[in-house]
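Read off the chains here:
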Amino acid sequence: MKAARADGRRPTVPAVPMNAIAEPSTSLRMRRVRQRNTEPERLTRRMLFALGARFRTCARDLPGRPDVVNRTRAWALFVHGCFWHGHARCRLATIPKTNTRWWLAKLEANRIRDRRKVRELRNLGFLVEVIWQCEVERPSVLRRRVAAFLARSQELGGTR
Ligand SMILES: [Zn+2]
């Protein structure tokens, strides 16, 4: 016979921040987004290269540390994980069911920071683009996005 509480409700586990970290899906997502040189980044760089772009990946001195950069042509590109960077209306950007309020605040702070970094880069004269993880997963979408971005950079002539 199962134990029942006097008030008839099922006992619940109190939510503590460690739950979020211990939850397998959450820790997996966190691990994925904190890394450099992720699979989406590699695929994006491969597409850029295939379409004739030349670039560097080390941009520690630039706002937001863009994942790919060409200083001569003054463009910078971010490859964003959909969860960590809070991609709007994206199936990959789910909110964890534990510590939901904490996560909402955290992900909103990430979005605000991302927007600020893009603005700072644009103020430095860079053409900036964000490629999302869910776009990278679809090769035709990735190709179209990268090609459009490079075309725009060509039009602008890359003067900073
Ligand atoms: Zn997405």
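Anything mentioned here points back to the structure above.
All values reported here derive from a predicted model rather than from experimental measurement.

**A closer look at helix H6 (residues 139-156)**
The end-to-end C-alpha separation of H6 is 26 Å, in line with the 26 Å expected for 18 residues at 1.5 Å each. If you check which residues of H6 are buried, you get Val 141, Leu 142, Val 146, Phe 149, Leu 150 and Ser 153. Seen along its axis, H6 keeps its buried residues to an arc of 155°; they face one direction. H6 presents Arg 144, Gln 154 and Glu 155 as exposed residues on the side facing more than 90 degrees away from its buried surface. The secondary structure elements touched by the buried residues of H6 are helix H3 (39-50), strand E2 (75-80), strand E3 (127-132) and helix H5 (133-136). Gly 157 sits one or two residues past H6 and shows a positive phi near 80°.

**Considerations on the coordination of the zinc ion**
Six octahedrally arranged donors around a metal ideally form angles of 90 or 180 degrees; four tetrahedrally arranged donors ideally form angles of 109.5 degrees. Around the zinc ion, the protein supplies Cys 82 (SG), His 87 (ND1), Cys 90 (SG) and Cys 134 (SG) as donor atoms, at distances of 2.1 to 2.4 Å. All donors of the zinc ion belong to a single chain; written as a sequence motif, their spacing is C-x4-H-x2-C-x43-C. In this structure Cys 90 comes out as buried when scored by relative accessible area, which is 13%.

Scoring rules and cut-offs
- Residues numbered from 1 in each chain as written.
- Predicted model: local features only at pLDDT ≥ 70, side-chain atom pairs only at ≥ 80, totals over all residues.
- Heavy atoms only, no water.
- Helix = DSSP H or I, 4+ residues; strand = E, 2+ residues; numbered from the N terminus.
- Expected span 1.5 Å × (residues − 1).
- Buried < 20%, exposed > 50% of the residue type's maximum accessible area, 1.4 Å probe, protein only.
- Arc of directions from axis to C-beta.
- Contact = heavy atoms within 4.5 Å.
- Donors = N, O, S within 2.8 Å, 3.2 Å for Na, K, Ca; no water.

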